[in-house]
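Fold and contact review
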Amino acid sequence: QVHLMESGGGVVQAGGSLRLSCVASGSISSIDAMGWYRQAPGKERELVATVSSGGDFFYDDSVKGRFTISRNGAKDTLTLQMNKLKLEDTAIYYCNVLQLPSTFYWGQGTQVTVSS
């Protein structure tokens, strides 16, 4: 099993920055892809960004050029640097990992609120 703990959420003014972190523990040697999702009030959870074990990155169009996802070599820490935050970025952000062969784990979520 894999346990995920997120941190770094908070309240920030539009245009500001936040850095989210996700620390994984447990069976981390079998972790493959890692990513961030978010869920705004009244909306479905959506993919924000992912990084594969091979270092391939994916970003949703809405965050390209503003957010940067990264992971350390030990696969136990995932970060999301969020710059130029917009009101529409307000959501609960969740860390997600794929444990091989096919099990997904979720963190408890961290709230990001962007104010005007």
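Everything here concerns the structure above.
Here's a quick rundown of the structure. (Residues numbered from 1 in each chain as written. Predicted model: local features only at pLDDT ≥ 70, side-chain atom pairs only at ≥ 80, totals over all residues. Heavy atoms only, no water.)

Concerning the pattern of salt bridges
Defined as follows: A pair is scored as a salt bridge if a Lys or Arg side-chain nitrogen falls within 4 Å of a carboxyl oxygen belonging to Asp or Glu. Counting from the N terminus, the helices are the DSSP runs of H or I reaching at least four residues and the strands are the DSSP runs of E reaching at least two. Accessible area is worked out with a 1.4 Å probe on protein chains only. A residue is then buried under 20% of its type maximum, exposed over 50%, and partly exposed in between.
One pass over the structure, following the stated rule, counts 4 salt bridges. A salt bridge links Arg38 to Asp89; the nearest nitrogen and oxygen atoms lie 3.0 Å apart. Placement of the pair is Arg38 in strand S4 (residues 31–39) and Asp89 in the loop between strand S8 (77–82) and strand S9 (91–99), with a sequence separation of 51 residues. Salt-bridge contacts for Lys64 lead to Asp61; the nearest nitrogen and oxygen are separated by 3.1 Å. Exposure remark for Asp61: the relative accessible area of 62% places this residue in the exposed category. One salt-bridge network, in which partners are shared between bridges, spans Arg38, Glu46, Arg66 and Asp89.

Some words on the sheet that holds strand S1 (residues 2–7)
As a reminder of what qualifies: Each pair of strands is called paired provided DSSP finds at least two bridges between the two strands. The axes used here are C-alpha line fits, helices contributing only the stretch in contact, and every angle between their N-to-C directions lies in the interval 0 to 180 degrees.
Taken in spatial order, the 4 strands make up an open sheet running S1-S3-S8-S7, and their pairing is antiparallel. Looking along the sheet, the strands with just one partner apiece sit at the ends: S1 and strand S7 (67–71). For this sheet the average axis-to-axis angle between neighbouring strands, irrespective of direction, equals 15 degrees. With 5 bridges connecting them, S7 and S8 associate as antiparallel partners. Within the sheet, the bridge partner assigned to Ser70 lies in S8 and is Thr79.

Considering the packing of aromatic side chains
The geometry of an aromatic ring pair is captured by the separation of the ring centres together with the interplanar angle, meaning the angle of the planes. Note the cut-off: Two rings from Phe, Tyr or Trp (for Trp, the six-membered ring) form a pair when their centres are within 6.5 Å of each other. A pair whose planes differ by under 30 degrees is stacked, one over 60 is edge-to-face, and the rest are tilted. Lysine NZ or arginine CZ positioned within 6 Å of the ring centre and within 35 degrees of the ring normal marks a charge as sitting over the ring.
A full pass over the atoms with the stated rule returns 2 aromatic pairs. Measuring from ring centre to ring centre gives 4.9 Å for Tyr37 and Trp106, while their planes differ by 70 degrees; the resulting arrangement is edge-to-face. You can see Tyr37 sitting in strand S4 and its partner Trp106 sitting in strand S10 (residues 103–106), a full 69 residues away along the chain. The class for Trp106 is partly exposed, based on a relative accessible area of 38%. A centroid spacing of 6.4 Å and a plane angle of 85 degrees characterise the contact between Tyr94 and Trp106, whose relative ring orientation is edge-to-face. Of this pair, Tyr94 sits in strand S9 while Trp106 is found in strand S10, placing the two residues 12 residues apart along the sequence. Pairwise contacts between aromatic rings join Tyr37, Tyr94 and Trp106 into one cluster. Here the basic side chain of Arg45 rests over the ring of Tyr94, its NZ or CZ set 3.7 Å away from the ring centre. When the ring centre of Trp106 is taken as reference, the NZ or CZ atom of Arg45 above it lies at 4.5 Å.

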